[in-house]
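The chain contents come next:
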Amino acid sequence: AEPQSEAQEEPEGPSEAEIEEYFDKLATGDPKVAAEAAALAAPDSNAFAYATYLAATYQAARDGGFSSEKSTVNKIDGGFEMCAESLNSGDPCSEYTNIQHVGDKIADFNAGGEPLAGRISMGSGEAQPLGDIGEATLIASYKSISGYVVAVFDVKSSSEGLWLSATYMAPDGRQSQS
């Protein structure tokens, strides 16, 4: 009789290569490539929202005449870090740890040592009127660990030369204008 080998089950979840591919795509600074990272994330997950948010911010930067910063991805204990390639950026590396999954897709992780939950959200997809000048649709919003909130909107103008500014009101009533 031939010896029987025990069937080895593959561990559930994405492979290390798939997780690294997700972060590599986010690090490109290219909105189309960063959007591809969402396909490696579980639908409606924080990881999906984060990929959508970064892709939208990269596109907004390009639309405003700025280039998006490309980053280098490095493996660290418990996850990955993305470090801006520009020596003039002044930005520290961003660490992504505690990577969680649903099935074979990335679902959640900590960014900067803090969970994404409660700091990242997707828009509903519903356009909101801006009076008679156009409409805005929230794509995604993100609250950094330092407390800054970035919201990315798709704005459609019904007139030429639309210029928008925004005011943020913190829970304590403090306001800031942009």
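Heads up: the structure comes first, above all this text.
Fair warning: this is a prediction, and the values are worked out from it, not measured in the lab.

Participant: So what's going on with the overall build of the protein chain? Residues and values would help.
Facilitator: The number of helices and strands found in the protein chain is 3 helices and 11 strands. Tracing the protein chain from N to C terminus, the helices and strands come up as α-α-α-β-β-β-β-β-β-β-β-β-β-β. Every one of the 178 residues in the protein chain was classed for burial, and the buried ones make up 33%. Looking at the protein chain alone, contacts between residues at least 24 apart form 41% of all its contacts between residues at least 6 apart. For the protein chain, the exposed surface amounts to about 11500 Å²; the carbon and sulfur share of it is 49%.

Participant: Tell me about the side chain of aspartate 108, and please be specific about residues and values.
Facilitator: Of note, aspartate 108 is situated in strand 4 (residues 105-111). One buried charged residue, aspartate 108, forms no salt bridge at all, with the nearest opposite charge on arginine 119 at 8.2 Å. Within the local environment of aspartate 108, its side chain forms a polar contact with the side chain of asparagine 46, the two groups lying 3.2 Å apart. Those residues in contact with aspartate 108, other than ones at most four positions away along the chain, are Asn46, Ala47, Asn98, Ile99, Gln100, Leu116 and Ala117.

Participant: Tell me about the nonpolar core, and please be specific about residues and values.
Facilitator: Grouped together as the largest cluster of nonpolar side chains are 31 residues, with contacts concentrated most on Tyr22, Phe23, Leu26, Tyr50, Tyr53 and Phe109. Listed by contribution, the elements that provide at least two residues to this core are helix 1 (16-26), helix 2 (31-37), helix 3 (46-63), strand 2 (79-84), strand 4 and strand 8 (134-143). For this core, the element with the highest residue contribution is helix 3, accounting for 9 residues. Residues in contact with phenylalanine 23, not counting those within four places in the same chain, are Val73, Phe80, Met82, Tyr96, Ile99 and Phe109.

Participant: Give a description of the packing of aromatic side chains that names residues and reports values.
Facilitator: Each aromatic ring pair is summarised here by two numbers: the centre-to-centre distance and the angle between the ring planes. Taken as a whole, this structure holds 11 aromatic pairs when the rule is applied. Arranged with centres 5.2 Å apart and planes meeting at 40°, the rings of tyrosine 53 and tyrosine 142 form a pair that is tilted. Highlighted residues: tyrosine 53 in helix 3 and tyrosine 142 in strand 8, separated in sequence by 89 residues. According to the relative accessible area criterion, tyrosine 53 is buried, its value standing at 8%. Through successive ring pairs, a cluster of aromatic residues spans Tyr22, Phe23, Tyr50, Tyr53, Phe80, Tyr96, Phe109 and Tyr142. The ring of phenylalanine 80 carries lysine 75 above its face, with NZ or CZ at 5.1 Å from the centroid.

What counts as what
Residue positions within a chain follow its written sequence, with the count starting from 1. Totals for whole chains, interfaces and linings use every residue, but because this is a predicted model, local features are given only for residues with pLDDT of at least 70 and side-chain atom pairs only at 80 or more, for both listing and counting. No hydrogens and no water enter the side-chain calculation; it runs on all heavy atoms of the structure. Only runs of H or I of at least four residues qualify as helices and only runs of E of at least two qualify as strands under DSSP, and these elements are numbered from the N terminus. A simple rule labels every residue: compare its accessible area, found with a 1.4 Å probe on the protein chains alone, to the largest value its type can have, and call it buried under 20%, exposed over 50%, or partly exposed in between. We call two residues in contact whenever any of their non-hydrogen atoms come within 4.5 Å of each other. Accessible areas in this description were obtained via Shrake-Rupley with a 1.4 Å probe; residue shielding takes into account the shown protein chains only. Neither His nor the chain ends is counted toward charge; the positive residues are Lys and Arg and the negative residues Asp and Glu. Each reported salt bridge corresponds to a side-chain nitrogen of Lys or Arg within 4 Å of a carboxyl oxygen of Asp or Glu. We define a polar contact as two N or O atoms separated by no more than 3.5 Å, with the added condition that, inside protein, one atom must be a possible hydrogen donor and the other a possible acceptor, whereas residues neighbouring each other in sequence contribute only through side-chain atom pairs. The set of buried Ala, Val, Leu, Ile, Met, Phe, Trp, Tyr and Cys residues whose side-chain atoms join them within 4.5 Å is what this entry labels a nonpolar core. Only the six-membered ring of Trp is used, alongside the rings of Phe and Tyr, when aromatic pairs are assigned; centres must lie within 6.5 Å, and planes under 30 degrees apart are stacked while those over 60 apart are edge-to-face, with the rest tilted. We call a charge positioned over a ring when the NZ of a Lys or the CZ of an Arg lies within 6 Å of the ring centre and within 35 degrees of the ring normal.

These values are about where atoms sit, not about what they do.
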